[in-house]
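Spelled out, the chains give:
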Amino acid sequence: MTSKIRIGALISGGGTNLQAVIDTCEAGETGGQVVFVGSDNPAAKGLRRAERHGIPSFVVDYGAIIRRYRQDPTTVALPSDFNLDEMHSKSRLFPVDADAATVKAFLETRAAAESDLLAAMATYDFDLLILAGFMRNLTPYFIDRVNTNPTHPRIMNIHPALLPSFPGTDGYGDTYRYGCKLGGCTVHFIDYGEDSGPIIGQRAFEILPGDTLEDIKSKGLEEEWKLYPACIKLFAQNRLKVETRIHSLPGGKTMERKVVAISA
Ligand code: GRF
């Protein structure tokens with residue numbers, strides 16, 4: 001038997017996806033094992049799920065760091081290897097005309113929090129990091145320190161919509177309000193943008209006349225609990241590789257896209 005991959009998870013809330021991953025890992029269905037759970041939110045209910053399964057956990061309280069920064073930025077220690085201009089030029093989280101002070105505050109508070117996250121994670125050896133309802137955008141500061149091989153990124157996220165439709169924090173709400181007839185969920189690798197990284201897998205469900213937002217959320221979560229373990233299994237089998245594809249467009253233009261190739 002080949003050894004299991006070691007999975008770290010970051011959560012912010014209830015952790016039903018985390019539970020699905022823990023359960024399928026314990027049942028031997030993914031080829032992985034969850035070795036730590038981290039959260040930005042000390043009150044995240046999902047932390048108790050980790051505890052029930054004997055999985056170590058830690059919290060980096062983003063809210064407290066951001067509040068301290070707002071009161072007095074000098075009280076928030078920035079990592080010595082943080083470079084604001086470099087991070088701003090890499091990040092794709094901001095519009096080009098974004099207010100410089102807002103960008104600075106965002107990137108500095110996140111770098112402080114992310115450096116604490118990296119320090120807590122350094123205790124564990126891990127192959128894959130999964131974001132399971134982690135409601136914080138990660139910046140290049142963190143991403144570049146976890147992803148060291150461009151063709152084999154190792155931070156996955158689950159999103160409650162069929163990307164590239166409806167990125168952001170309320171995928172099911174946006175799907176509902178738009179009057180979509182299909183909803184779905186997506187697992188993708190993280191890149192420097194918001195919910196914009198290469199897609200690993202998707203599952204869809206039908207939205208019936210009369211379905212409420214709650215119906216859509218519960219149908220969606222059912223699909224998420226199947227999709228995340230399936231994508232983790234592909235990773236554990238070493239079947240995922242990111243390729244850069246160049247496409248010709250009308251007018252002689254070209255477009256470059258990074259996509260996940262899944263080997264047989
Ligand atoms: C899920 O809908 C996930 O797609 C989104 O946040 C929700 C988290 O739910 N990113 P849970 O904490 O896993 O129950």
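The rules behind each value
- Residues numbered from 1 in each chain as written.
- Predicted model: local features only at pLDDT ≥ 70, side-chain atom pairs only at ≥ 80, totals over all residues.
- Heavy atoms only, no water.
- Helix = DSSP H or I, 4+ residues; strand = E, 2+ residues; numbered from the N terminus.
- Buried < 20%, exposed > 50% of the residue type's maximum accessible area, 1.4 Å probe, protein only.
- Contact = heavy atoms within 4.5 Å.
- Areas by Shrake-Rupley, 256 points an atom, 1.4 Å probe, with all protein chains shown as cover.
- Lys, Arg positive; Asp, Glu negative; His and termini not counted.
- Charge placed at Lys NZ, Arg CZ, Asp CG, Glu CD.
- Near = heavy atom within 4 Å.
- Polar contact = N/O pair within 3.5 Å; in protein donor to acceptor, adjacent residues only side chain to side chain.
- Nonpolar A, V, L, I, M, F, W, Y, C, P; charged D, E, K, R; others polar.
- Phe/Tyr/Trp six-rings, centres within 6.5 Å; stacked < 30°, edge-to-face > 60°.
- Lys NZ or Arg CZ within 6 Å of the ring centre and 35° of its normal.
- Salt bridge = Lys/Arg side-chain N within 4 Å of Asp/Glu carboxyl O.
- Axes fitted to C-alpha atoms, helices over the stretch in contact; angles between N-to-C directions.
- Parallel < 35°, antiparallel > 145°, perpendicular 65-115°, else oblique.
- Left-handed = near helix turned anticlockwise from the far one by under 90°.
- Arc of directions from axis to C-beta.

Engineer: When you look at the overall build of the chain in this model, what are you seeing that I'm missing?
Structural biologist: Summing up its helical and strand segments, the chain has eight helices and nine strands in all. Buried positions account for 46% of the 264 residues belonging to the chain. For the chain, contacts bridging at least 24 residues in sequence account for 65% of all contacts bridging at least 6. For the chain, the exposed surface amounts to about 13,400 Å²; the carbon and sulfur share of it is 51%. Charge separation in the chain, taken as the distance between the mean sites of 29 positive and 32 negative side-chain charges, equals 3 Å.

Engineer: Is there a simple way to think about the site of the ligand in this case?
Structural biologist: Taken together, Gly14, Gly15, Thr16, Asn17, Gly133, Ile158, His159, Pro160, Tyr172, Leu221 and Glu224 are the residues near the ligand. The backbone of Ile158 places a nitrogen or oxygen atom 3.2 Å from a nitrogen atom of the ligand. Burial of the ligand by the protein amounts to 82% of the accessible area it has alone, namely 370 Å². Of all elements in the fold, only helix H1 (16-26), strand E5 (155-159) and helix H8 (213-236) reach the threshold of two or more residues within the shell around the ligand. Within the shell around the ligand, the residues separate by chemical class into four nonpolar, six polar and one charged.

Engineer: It is not clear to me how the packing of aromatic side chains should be interpreted in this structure. Could you clarify?
Structural biologist: Two numbers describe a pair of aromatic rings. These are the distance of the centres and the angle of the planes. All chains considered together, the criterion is met by eight aromatic pairs. An angle of 35° between the planes, with centres 5.6 Å apart, marks the rings of Phe36 and Phe58 as tilted. A residue pair is termed long-range when its members are at least 10 positions apart, and Phe36 in strand E2 (residues 32-39) and Phe58 in strand E3 (residues 57-59) qualify at 22 residues. Accessibility assignment for this pair places Phe36 and Phe58 in one class, buried. Grouping aromatic residues by their ring pairs yields a cluster made of Phe36, Phe58, Tyr124 and Phe126. Of note, Arg145 hangs over the ring of Tyr141, and the distance from its end group to the ring centre comes to 3.8 Å.

Engineer: Got a minute to help me understand the pattern of salt bridges in this structure?
Structural biologist: When the charged atoms of two side chains with opposite charge come close together, those side chains can pair. Evaluated as defined, the whole model comprises 13 salt bridges. A salt bridge links Asp81 to Arg145; its shortest N-O distance comes to 3.2 Å. Residue Asp81 is located in the loop between helix H3 (62-71) and helix H4 (84-90), and its partner Arg145 is located in helix H6 (residues 140-146); the two are separated by 64 residues in the primary sequence. Put simply, Glu86, Lys90 and Asp144 are held in one network by salt bridges that share partners.

Engineer: Got a minute to help me understand the side chain of Arg49 in this structure?
Structural biologist: With respect to the helices and strands, Arg49 occurs in helix H2 (residues 46-52). One buried charge, Arg49, has no salt-bridge partner; the nearest side chain with opposite charge is Asp23, at 7.1 Å. A distance of 2.6 Å separates a polar side-chain atom of Arg49 from the backbone oxygen of Gly14. When residues no more than four places from it in sequence are discounted, the contact partners of Arg49 are Gly14, Gly15, Thr16, Leu18 and Gln19.

Engineer: Which parts of the structure should I look at to understand the packing of helix H7 (residues 171-178) against H8?
Structural biologist: If you want to describe how two helices pack, look at the angle between their axes and the distance between the axes. The N-to-C vectors of H7 and H8 enclose an angle of 130°; their axes lie 10 Å apart at closest approach. Here H8 runs oblique to H7, going by the angle between their axes. For the element pair H7 and H8, the recorded crossing hand is right-handed. Counted together, Tyr172, Gly173 and Tyr176 of H7 and Leu213, Ile216, Lys217, Gly220, Leu221 and Glu224 of H8 form the full contact between these two elements.

Engineer: Help me understand H3 in this model?
Structural biologist: Owing to its 3.6 residues per turn, the α-helix aligns residues three or four sequence positions apart on the same side. Of all the residues in H3, the buried ones are Tyr62, Gly63, Ile65, Ile66 and Tyr69. Take H3 and look down its axis: the buried residues cluster within an arc of 165°, on one side only. In H3, the exposed positions angled more than 90 degrees off the buried face are occupied by Arg67 and Gln71. Elements that come into contact with the buried residues of H3 comprise helix H5 (100-121). Measuring from the backbone nitrogen of Gly63 back to the side-chain oxygen at the start of H3 gives 3.3 Å, which picks out Asp61 as the cap.

Purely geometric stuff here, so don't read any function into it on its own.
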